[in-house]
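Each chain, written out:
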Amino acid sequence: MSKEKFDYFINGEKGKYEVVIGLEVHAQVLSNSKLFSGSSTKFGADPNKQVSLIDSAFPGMLPVINEECVKQAIRTGLGLNAKINNYSVFDRKNYFYADLPQGYQISQYKNPIVGEGKVLLDMPYGSKEIGIERLHLEQDAGKSIHDMDPSNTYVDLNRSGIALMEIVSKPHLRSPDEVNAYIKKLRTIMRYLGTCDGNMQEGSLRADVNVSVRKVGDKNFGTRCEIKNVNSIKFMQMAIEYEANRQVELLEDGKEIDQETRLFDTKKNETRSMRSKEDAHDYRYFPDPDLLPLKLEQKLIDDLKKSLPELPDNKKERFIKEYGLNSYEANVLVSEKEISDYYEEVAKLSDKKLAATWMMGDLFAMLNDKGLNISNSPISAKNFAELVQSIKSGEISGRIAKDVFEIMVESGDNPKKIIESKGMKQQSDPKELEKMINEILLKNKDKVDQYKAGKEKLFGFFVGEVMKLSSGKANPQLTNEILKKILKG
Amino acid sequence: MSNITNQSLSEILESINSKKISSLELTQAYIKNIENAKKLNAFVTTTFDQALENAKKFDNKPNNDQLLSGIPLAVKDLFCTENVKTTAGSNILNNFVPSYESTVTKNLWNNGAFLLGKLNCDEFAMGSSNETSFFGNVINPVGDHLVPGGSSGGSSSALAADLTPATIGTDTGGSIRQPASFTGTVGLKPTYGLCSRWGIVAFASSLDQAGPMTKTVNDCSIMLEAMSGFDEKDSTSINKKKESYSKNLKDNIKGLKIGIPKEYRVDNMPKEIDELWEKGKKILKDLGAQLIDISLPHTKYALPTYYIVAPAEASSNLARYDGVRYGYRSQKGKDLIEMYENTRSEGFGDEVKRRILIGTYVLSSGYYDAYYLKAQKVRQLIKKDFDDSFTKVDAILTPSTPSSAFKIGEKTNDPVSMYLNDIFTVPVNLAGLPALSLPAGLDKQGYPLGLQLIGKALDEQKILNIGYAFEKNCGYKNEIKKWWS
């Protein structure tokens, strides 16, 4: 497909504008305990039930790095084809807020744990590489709750101190669609790695979106605005669309764009200025003296590299090669690790191509309909493989298969059993079919004459009647063949 | 044993272990002393009932295999003590009762000691005279008009006045050694990382180090042994085998090389300090040590470097005192920002505010490179000076302070002259080295003066040995008249 068809430009009177987007994704590290304390990270606990003396910054408390979080960051870095830095430093980012107990966030500023990397996006116009600038570890803040009391703000520190990975992209994204693909790809990679659950509803994945516009062909970037803390792909896309158009309008009016931080109002679908560059916080970053620089042994990195699971890009290639899938099918089937596992189990026991078609068609539609994931599918991979095989062997027709599928969803039963007990097996005995065809033709002599006189459209009518007579069980291919032969003769 | 409290910790331990005196009697004797010494204002909190309880417990079931069997101890109010108010000398923590015990104090209790009370100190350990405390200044038992030094001024005063057999302080830029020097007691700042910082109210994390304050060098080695040790809860704690400092204490220092740095002089330094230094050199030489002239060329940058690094870290460390979760909260203010402003304005004293402002300034964008970053580079040079010297010498001898104890109020309006008092102690903190302040003589007013022995990192045993030999041959005797009781 041609790239032009998908170009995302904004047309102004003075020219065509290109949108330049960079993302800072905050991904919550999957770990049992927080980045610098032993408190649990489980989502959904009662307020302030998962808070240690360290998370609430009591006097004399000291942070101790959680090794598992470091490993998770390294794994993620490796999954992003990035350089892992053997030396990194934790810094303090100083600012006051009620849900930031220490008065500073421990983050990494000049020396992040992960350096440059890249992510491949599969776009309709081919694959596109998005550069990763860096990944660093930092603490999450707590949560201020403003709507529980008319005059007081409440603070929940359960989230305070949970490890986040901030993944900063280069400004390589050019459209809301690419942003969608990028976030999904990051999410997929991290879920494969088991380093982030990617659950956007629970806030495990959020992003700050940097947007600027420039005339198509311009080499220099425009002034960018940062839209803070957007927590769904849909909102990111809406925010980008609004923000890019706002900036184009300003430029068209001959005005300048202020570099500023903006908030996306999901109710009004617009971005609003939060603070200008002049009001920007001076975070007074400096190395945290409570923590030594993080020095990583190359062996640790090498060992983690060896233990990485197969990642989506590699799996996709293998699916194409091993299972004869096309790029689109392979893409869909590797998009979630659980889906790819399910597919591989089915493909081992049945026709690989047909399995892909049926998974992406009926199975996904049903799951979507019922709001289920592949991991809690009412149809097991083994049963689904048997269904595919029954179709492939001609035991049942595609149409009957849909009925069997329905029953499988309801009962969870094995398809063989369903076909057997409900007598749904396809009629493939030529003699039986001939008998039925003759019966139909005899009943519809006038139409046979019309057919023979040249009204060939009626062939479909005869097939339909045979199907009706056989309650849909007649083998369609055989029926066609025999019908043709008889009508000719 | 009416004068048991006059004795050194090791002598008292002997009496306890030989059952010449019970822990209860000992504790009662100190309580009596403390009650008679309210004028000194050395205590912020006393825990007499708890101490008597613990003493009885010990006497009922004495365990004499411990380093500090049955010993009551008062500690600087910077160490968090479980269920006992811990103020750091500040209004902002004046109602703060920790639910946890600092590692260092826990180590003391695990060695048989128990808490007698919490000692006054400069607010957040920021000061050199114990005049910045929210709970009032502490008086030096040497004279009713004298400061006891700071920030561990309550500790030095209580120790010199026999209100505790030994004590612990913290030393960020001299806060153990300078008050020890001002009161004629022994104070050790250990190697950075030897004693855990966990549970100590932080001032400047890369410099803070807890250490013992005692009447003798032997006492000092006992206390260090009890309080030190690796702690996995402190990422900067050094993981090494525990040493038996007291068992290994030796007074033979023959052949040791003692460095004499030419830079440890200041303008208008009293002649007595020079004379004291000469006296110290002679004693060590007579004991068979070899004196070697050395140079620590970056010494003159130590004080300005310290007054960038320490306030920078402090400005961030003290951000947590915001009135939100614990401690003092102002009732004034209509929103969060005003609550912060009022809480911190009312909760902190002037010196703390001054340092928060300096620290905030030197970390600000546009100034960071010129101040903080530059200071970190100079800090490396200062450290390198010492590293280079220690290839030639075993230890370094300097005066502890450029003067004896000054008068209360004398320097309160002149922060720079106050800061200058730390000029000989600060380089050691920047380099993370151990240093021992020893009482060495009196000035012409009869006020104590101290000499400082600086060692290689983790070479505490060697400076304790030199100090031990020095002490035996110095003939210093602390004769403080108990004018307050």
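Structure shown above.
Structure report, in brief. This is a predicted model, so every value here is computed, not measured.

1. A few points about the overall build of chain A
What chain A contains, in helices and strands, is 15 helices and 16 strands. A globule of 489 residues ought to have a C-alpha radius of gyration of about 23 Å, yet chain A, at 30 Å, is considerably larger. Across chain A, the fraction of contacts at a sequence separation of at least 24, relative to all contacts at a separation of at least 6, is 68%. If you sum the accessible surface of chain A, you get close to 23,800 Å²; carbon and sulfur atoms cover 48% of it. Of the side chains in chain A, 74 bear a positive and 75 a negative charge, and the two mean positions are spaced by 4 Å.

2. Regarding the interface of chain A and chain B
Where interface size is quoted, it is often the accessible area lost as the parts come together. With 30 residues of chain A at the interface, the matching set in chain B holds 39 residues. For the pair chain A and chain B, the summed buried area comes to about 2,800 Å², and 58% of that belongs to carbon and sulfur atoms. Broken down residue by residue, the surface that chain A buries against chain B is led by A:Pro59, A:Phe96 and A:Arg284, which jointly contribute 22%. Taken together, the connections running from chain A to chain B amount to one salt bridge.

3. Overview of the nonpolar core
Of all hydrophobic cores here, the largest spans 152 residues; its most connected members are B:Leu68, B:Leu108, B:Phe124 and B:Phe386. Broken down by element, this core gets its largest block of residues, nine residues, from helix H9 (residues 302-317) of chain B. When residues no more than four places from it in sequence are discounted, the contact partners of B:Leu108 are B:Leu68, B:Leu73, B:Val75, B:Ala113, B:Ile168, B:Met223, B:Ala226 and B:Met227. In this structure, A:Ala73, A:Phe90, A:Ile233 and A:Ile379 belong to the second largest nonpolar core, which totals 104 residues.

4. Re helix H7 (residues 217-227) of chain B
Most of H7(B) sits inside the fold, with 10 of its 11 residues counted as buried. Restricting attention to buried positions, one finds in H7(B) the residues B:Val217, B:Asp219, B:Cys220, B:Ser221, B:Ile222, B:Met223, B:Leu224, B:Glu225, B:Ala226 and B:Met227.

5. Some words on the state of the cysteines
Joining two cysteines, a disulfide is a covalent bond between their sulfur atoms. All names here are of chain B. Tallied over the full model, the rule gives zero disulfides over all chains. Free cysteine cysteine 195: the closest other cysteine sulfur is in cysteine 220, separated by 10 Å. Judged by its relative accessible area of 0%, cysteine 220 falls in the buried class.

6. A look at the environment of B:Asn17
All names here are of chain B. Examined against the element boundaries, asparagine 17 turns out to sit in helix H1 (residues 9-17). Each C-alpha atom, one on asparagine 17 and one on alanine 310, is 43 Å from the other, the two residues being 293 residues apart in sequence. In contact with asparagine 17, other than residues within four places in its own chain, are Asn64 and Ser69.

7. Side note on the pattern of salt bridges
Scanning the entire structure with this criterion turns up 58 salt bridges over all chains. A:Asp265 is paired through a salt bridge with A:Arg272; the nearest N and O atoms lie 2.8 Å apart. We classify A:Asp265 as buried; its relative accessible area is 14%. Salt-bridge contacts for A:Glu465 lead to A:Lys468; the nearest nitrogen and oxygen are separated by 3.1 Å. Of this pair, A:Glu465 and A:Lys468 both sit in helix H14 (residues 458-469), three residues apart, which is roughly one turn of that helix. Classification of A:Lys468 as exposed rests on a relative accessible area of 62%. Ionic contacts of the salt-bridge type, sharing partners, join the residues A:Arg92, A:Asp288, A:Asp290, B:Arg197 and B:Asp234 into one network.

8. A short note on the sheet that holds strand S7 (residues 257-261) of chain B
Residue and element names in this part refer to chain B. Strand order in this open sheet of eight strands is S4-S6-S5-S10-S11-S9-S7-S8, and the pairing throughout is mixed. A single partner strand is all that each edge strand has here, and the edge strands are strand S4 (167-170) and strand S8 (290-294). Averaged over all pairs of adjacent strands, the angle between strand axes in this sheet comes to 30°, irrespective of strand direction. Pairing of strand S5 (residues 186-189) with strand S6 (residues 210-214), which is carried by two bridges, proceeds in the antiparallel orientation. Within the sheet, the bridge partner assigned to glycine 187 lies in S6 and is methionine 213. Those strands touched by helix H5 (residues 153-160) are S4 and S6, and its axis lies near 25° from that of S6.

9. Digging into a negative patch on the surface
Side chains of A:Glu256, A:Asp258, A:Glu278 and A:Asp279 sit close together on the surface and give a patch of like negative charge. Relative to the helices and strands, A:Asp279 is located in the loop between strand S14 (270-276) and strand S15 (286-287).

10. Some words on the sheet that holds strand S1 (residues 43-46) of chain B
All names here are of chain B. One open sheet holds the three strands; their spatial order is S1-S3-S2, and the pairing between them is mixed. Of all the strands in the sheet, the pair left with one neighbour each is S1 and strand S2 (72-76). On average, each strand axis in the sheet is tilted by 30° relative to the strand beside it, whichever way the strands run. Bridge count for S2 against strand S3 (residues 114-119) is five bridges, and the pairing is parallel. Its bridge partner being in S3, valine 75 is matched across the sheet by lysine 118. Strands in contact with helix H4 (residues 103-110) are S2 and S3; relative to S2, the strand with the most contacts, it is inclined by about 175°.

11. Side note on the pairing of strand S6 (residues 117-123) of chain A
All names here are of chain A. The alternating pattern of S6 places Gly117, Val119, Leu121 and Met123 on a buried face, while none of Lys118, Leu120 and Asp122, on the opposite face, is buried. Both S6 and strand S7 (residues 126-139) contribute to a ladder of seven bridges, which runs antiparallel. When the bridges of S7 are listed, methionine 123 appears paired with glycine 126. Joining the antiparallel neighbours S6 and S7 is a turn of two residues.

12. Describing the packing of helix H2 (residues 23-35) of chain B against helix H3 (residues 48-60) of chain B
All names here are of chain B. Running from N to C, H2 and H3 cross one another at 160°; their axes reach a closest spacing of 8 Å. One finds that H2 runs roughly antiparallel with respect to H3. The chirality of how H2 crosses H3 is right-handed. From H2, Ser23, Leu24, Thr27, Gln28, Ile31, Ile34 and Glu35 reach across to H3, where they touch Phe48, Ala51, Leu52, Ala55, Lys56, Phe58 and Asp59.

13. Focus: the side chain of B:Glu351
Residue and element names in this part refer to chain B. With respect to the helices, strands and loops of the structure, glutamate 351 is situated in helix H11 (residues 350-363). According to the relative accessible area criterion, glutamate 351 is buried, its value standing at 12%. Here arginine 354 takes part through its side chain, which lies 2.3 Å from a polar atom of the side chain of glutamate 351. If we skip the residues at most four places from it in the chain, glutamate 351 touches Met126, Thr132 and Tyr419.

14. Concerning the packing of aromatic side chains
Residues and elements named next belong to chain A. Summed over all chains, the structure comprises 33 aromatic pairs over all chains. Arranged with centres 5.4 Å apart and planes meeting at 85°, the rings of phenylalanine 36 and phenylalanine 90 form a pair that is edge-to-face. Linking phenylalanine 36 in the loop between strand S2 (15-28) and helix H1 (67-79) with phenylalanine 90 in the loop between strand S3 (87-88) and strand S4 (91-94), this pair joins segments that are 54 residues apart in sequence. Just as phenylalanine 36 is buried, phenylalanine 90 falls in that class too.

15. Looking at the side chain of A:Asn383
Residues and elements named next belong to chain A. Its place among the elements puts asparagine 383 in helix H9 (residues 381-392). Exposure remark for asparagine 383: the relative accessible area of 12% places this residue in the buried category. Residues in contact with asparagine 383, not counting those within four places in the same chain, are Met408, Gly412, Asp413, Asn414 and Pro415.

16. Brief notes about the pairing of strand S13 (residues 260-265) of chain A
Every regular strand shows the same layout, with side chains that alternate between the two sheet faces. All names here are of chain A. Most of S13 is tucked away: five of the six residues are buried. With three bridges joining them, strand S12 (residues 225-230) and S13 adopt parallel strand pairing. In the strand pairing of S13, isoleucine 227 is matched with arginine 262. Judged from the six bridges that link them, S13 and S14 form a sheet pairing that is antiparallel. From the neighbouring strand, glutamate 260 faces S14, where its bridge partner is serine 276. Taken together, S13 and the strand that follows it, S14, pair antiparallel across an intervening segment of four residues, in which asparagine 269 is found at a positive phi of about 55°.

Rules of the game
Residues numbered from 1 in each chain as written. Chains lettered and ligands numbered in written order. Predicted model: local features only at pLDDT ≥ 70, side-chain atom pairs only at ≥ 80, totals over all residues. Heavy atoms only, no water. Helix = DSSP H or I, 4+ residues; strand = E, 2+ residues; numbered from the N terminus. Rg over C-alpha atoms; globule rule 2.2 N^0.38 Å. Contact = heavy atoms within 4.5 Å. Areas by Shrake-Rupley, 256 points an atom, 1.4 Å probe, with all protein chains shown as cover. Lys, Arg positive; Asp, Glu negative; His and termini not counted. Charge placed at Lys NZ, Arg CZ, Asp CG, Glu CD. Buried area = accessible area lost by both parts, 1.4 Å probe. Salt bridge = Lys/Arg side-chain N within 4 Å of Asp/Glu carboxyl O. Core = buried A, V, L, I, M, F, W, Y, C linked by side-chain atoms within 4.5 Å. Buried < 20%, exposed > 50% of the residue type's maximum accessible area, 1.4 Å probe, protein only. Disulfide = S-S within 2.5 Å. Pairing = 2+ DSSP bridges. Axes fitted to C-alpha atoms, helices over the stretch in contact; angles between N-to-C directions. Patch = residues over 30% accessible without salt bridge, like charges linked within 9 Å, V, L, I, M, F, W, Y side chains within 5 Å. Parallel < 35°, antiparallel > 145°, perpendicular 65-115°, else oblique. Left-handed = near helix turned anticlockwise from the far one by under 90°. Polar contact = N/O pair within 3.5 Å; in protein donor to acceptor, adjacent residues only side chain to side chain. Phe/Tyr/Trp six-rings, centres within 6.5 Å; stacked < 30°, edge-to-face > 60°.

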